[in-house]
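# Observations on the three-dimensional arrangement
Listed here are the chains, written in short residue letters.
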Amino acid sequence: MVHWGYVIKNHIVGNNSSTVSAGGSYMEKLGSIIGLPIVETETGTQIGEIGEIVVNVEEAILFGLIISGSNWFSGENIITFEEVASVGRDAVMISNHHVIRSIDTLSIANYNYYLRDLLNKEIITDGGLRLGILTNIMINSVTGEIKWYEISDSMVMDLLYGRMIMPLPQVQIVGQDKVIVPETMKNFLHEEKVITDE
């Protein structure tokens with residue numbers, strides 16, 4: 001599933017806005033979704049938990065959610081984001097268990113990555129400037145679009161100033177250890193605060 005060294009031209013153009021959108025959509029950190037229960041809206045039954053997340057970095061979208069802790073299914077199973085009813089603070093809701101599919105039945109593109117394979121990579125610009133470590137990815141929880149990267153400079157700086165966020169670059173190279181972004185992205189780094197999608 002992991003394919004290193006691709007040049008990725010994202011469909012989402014980054015911006016540095018941090019205002020609340022008129023539509024009321026909001027951002028969700030993908031790391032906070034891990035471990036949430038998966039609940040059927042039709043029966044109220046919990047069928048498992050989110051064990052891992054698959055993102056498509058070329059399309060800049062959340063591709064799907066991997067299920068863990070379920071006795072209902074064998075092998076690795078996934079709920080594609082288009083089948084998710086809602087992502088809430090305390091649970092991920094689906095209509096029923098029929099939307100769950102074996103990951104082996106899906107055509108997984110080269111640009112799909114497990115979240116764990118993206119986090120903790122060093123982000124540097126193509127000019128050689130280190131921006132920090134990728135600690136989380138923020139999405140629009142309604143559309144599934146990847147919008148922001150959360151970046152840590154160091155533990156000390158995190159404690160003093162908080163972590164930084166950066167809008168998703170239009171072009172990036174995901175390597176085995178590092179993510180290379182355009183030099184201009186250094187101008188879009190700013191302190192993390194409550195943000196929502198435009």
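The text that follows walks through the structure, step by step, so that each part is easy to find. Computed from a predicted model, the values in this text were never measured in an experiment.

Attention now goes to the pattern of salt bridges. Scanning all chains against the criterion turns up eight salt bridges. A salt bridge links Lys-178 to Glu-122; the nearest nitrogen and oxygen atoms lie 2.3 Å apart. Taken as a pair, Lys-178 in strand β16 (residues 178–181) and Glu-122 in strand β11 (residues 122–125) lie far apart in primary sequence, 56 residues in all. A relative accessible area of 19% places Glu-122 in the buried class. With a closest N to O distance of 3.3 Å, Glu-150 and Arg-163 form a salt bridge. Taken as a pair, Glu-150 in strand β13 (residues 146–152) and Arg-163 in the loop between α3 (155–161) and β14 (164–167) lie far apart in primary sequence, 13 residues in all. The exposure class assigned to Glu-150 is buried, which follows from its relative accessible area of 3%. Within this structure, Glu-122, Arg-130, Asp-153 and Lys-178 form a network of salt bridges that share partners.

With that settled, consider the packing of aromatic side chains. To describe a pair of aromatic rings, one takes the distance between the centres and the angle between the planes. One pass over the structure, following the stated rule, counts zero aromatic pairs. The ring of Tyr-114 carries Arg-116 above its face, with NZ or CZ at 4.4 Å from the centroid.

On to unusual backbone geometry, then. Here Ala-60, not a glycine, exhibits a phi torsion of approximately 60 degrees, which is positive. Tracing the backbone through its elements, the reader meets Ala-60 in the loop between β4 (46–56) and β5 (61–68). According to the relative accessible area criterion, Ala-60 is buried, its value standing at 0%. Its identity is not glycine, yet Asn-120 carries a phi of approximately 70 degrees, on the positive side. Under the relative-accessibility criterion, Asn-120 is labelled exposed at 62%.

With respect to burial, β13 is a largely interior element, seven of its seven residues being buried. The turn linking strand β12 (residues 130–140) back onto β13 is made up of five residues, and Gly-144 within it adopts a positive phi angle of 80 degrees. Bridge count for β13 against β14 is four bridges, and the pairing is antiparallel. Counterpart to Ile-151 in the pairing with β14 is Met-164.

Criteria and cut-off values
Every chain is numbered on its own, with residues counted from 1 as its sequence reads. With the structure being a predicted model, the display of local features is reserved for residues of pLDDT at least 70 and the display and counting of side-chain atom pairs for 80 or more, all residues being used for whole-chain, interface and lining totals. Working from all heavy atoms in the structure, the side-chain values ignore hydrogens and water. By salt bridge we mean one thing: a side-chain nitrogen of Lys or Arg within 4 Å of a carboxyl oxygen of Asp or Glu. Working definition: helices are DSSP H or I runs of at least four residues, strands are E runs of at least two. Numbering for both runs from the N terminus. When accessible area is computed with a 1.4 Å probe and restricted to protein chains, residues below 20% of their type maximum are described as buried, those above 50% as exposed, and intermediate ones as partly exposed. In summary, the pairing rule links any two rings of Phe, Tyr or Trp, Trp by its six-membered ring, whose centres are within 6.5 Å, and it sorts them by plane angle into stacked for under 30 degrees, edge-to-face for over 60 and tilted for everything else. For a lysine, the NZ atom is tested; for an arginine, the CZ atom; a charge sits over a ring if that atom is within 6 Å of the ring centre and within 35 degrees of the ring normal. Pairing between two strands is assigned when DSSP locates at least 2 bridges connecting them.

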